[in-house]
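# Structural description and commentary
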Amino acid sequence: MSTELIVLAWGCILGLVHIFAAGNAKTKQYGAKWNMGPRDGALAEPEPIVGRLMRAQANYFETFPVVAAAILIVSVAGVTTRWTAIGALIWLAARVVYLPLYIFGVPGVRSAAFLISIVGLGMILWPALF
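About the cut-offs
Here the residue numbers are simple positions, counted from 1 along each chain's written sequence. The model is predicted, so local features are restricted to residues of pLDDT at least 70 and side-chain atom pairs to those at 80 or more, both for listing and for counting; the totals for chains, interfaces and linings are taken over all residues. Note that the side-chain values use all heavy atoms of the structure and ignore hydrogens as well as water. As used here, the term nonpolar core means buried Ala, Val, Leu, Ile, Met, Phe, Trp, Tyr and Cys residues forming a set that is joined through side-chain atoms within 4.5 Å. Each residue gets one of three labels from its accessible area relative to the maximum for its type: buried under 20%, exposed over 50%, partly exposed in between, using a 1.4 Å probe on protein chains only. Only DSSP runs of H or I reaching four residues or more are called helices, and only runs of E reaching two or more are called strands; each is numbered from the N terminus. Two residues form a contact once any of their heavy atoms are found within 4.5 Å. Note on aromatic pairs: the rings of Phe, Tyr and Trp (six-membered ring only in Trp) are paired at centre separations within 6.5 Å, and the planes decide the class, stacked below 30 degrees, edge-to-face beyond 60, tilted for the rest. Think of it as a cone above the ring: NZ of Lys or CZ of Arg counts as a charge over the ring if it is within 6 Å of the ring centre and within 35 degrees of the ring normal.

Grouped together as the largest cluster of nonpolar side chains are 15 residues, with contacts concentrated most on Val7, Val67, Ile71, Trp91 and Ile124. Of all the secondary-structure elements, those providing two or more residues to this core are α1 (3-30), α3 (48-77), α4 (82-103) and α5 (109-129). Here isoleucine 124 is in contact with Val67, Ala70, Ile71, Val74, Thr84, Gly87 and Ala88, once residues within four sequence places are set aside. With 10 residues, the next largest nonpolar core counts Leu53, Tyr98, Leu99 and Ala113 among its residues.

Turning to unusual backbone geometry, a few remarks are in order. With a phi angle near 60 degrees, arginine 39 is a residue other than glycine that sits in the positive phi range. Turning to its location among the elements, arginine 39 is positioned in the loop between α2 (32-36) and α3.

What follows covers the packing of aromatic side chains. Enumeration over the complete set of coordinates arrives at 8 aromatic pairs. Consider the rings of tyrosine 30 and tryptophan 34, whose centres lie 5.3 Å apart with planes at 55 degrees: the pair is tilted. Classification of tyrosine 30 by relative accessible area gives buried; the value is 19%. Centroid distance tyrosine 60 to phenylalanine 61: 5.3 Å. Interplanar angle 90 degrees. Geometry classified as edge-to-face. Residue classification places phenylalanine 61 among the partly exposed positions, given a relative accessible area of 33%. Through pairs of rings, three or more aromatic residues link up here, namely Tyr60, Phe61, Phe64 and Trp91. We note arginine 110 situated over the ring of tyrosine 102; from NZ or CZ to the ring centre the distance is 4.2 Å.

Geometric values such as these leave the question of function open.
Okay, here's the thing in structure tokens:
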């Protein structure tokens, strides 16, 4: 299996980490009854860490489908290269670093990690576009 597809599989695992981290934090704040219930009522403002985990999760799932599509496009088209593999690894590493930076509220560096992930995404897409 190609490096790009392996990265895609690890990206799915990272997505699950986001889901469970945010879900666990919300359950700690709002309780197990809320988690197992219909979640119909209005909630109190999330605690800072809960809010950060929710925003990090939302950010991840805004870009993950684009990365997944890019990896699948270059894989199916047969245009994977050493650079698409490096781009995929850069994307994954930057996204792994992004989560704790967001949790701990590190400004600037968190944005840099996001931009680095976008560079990795561009490296994946390049052969499909040109």
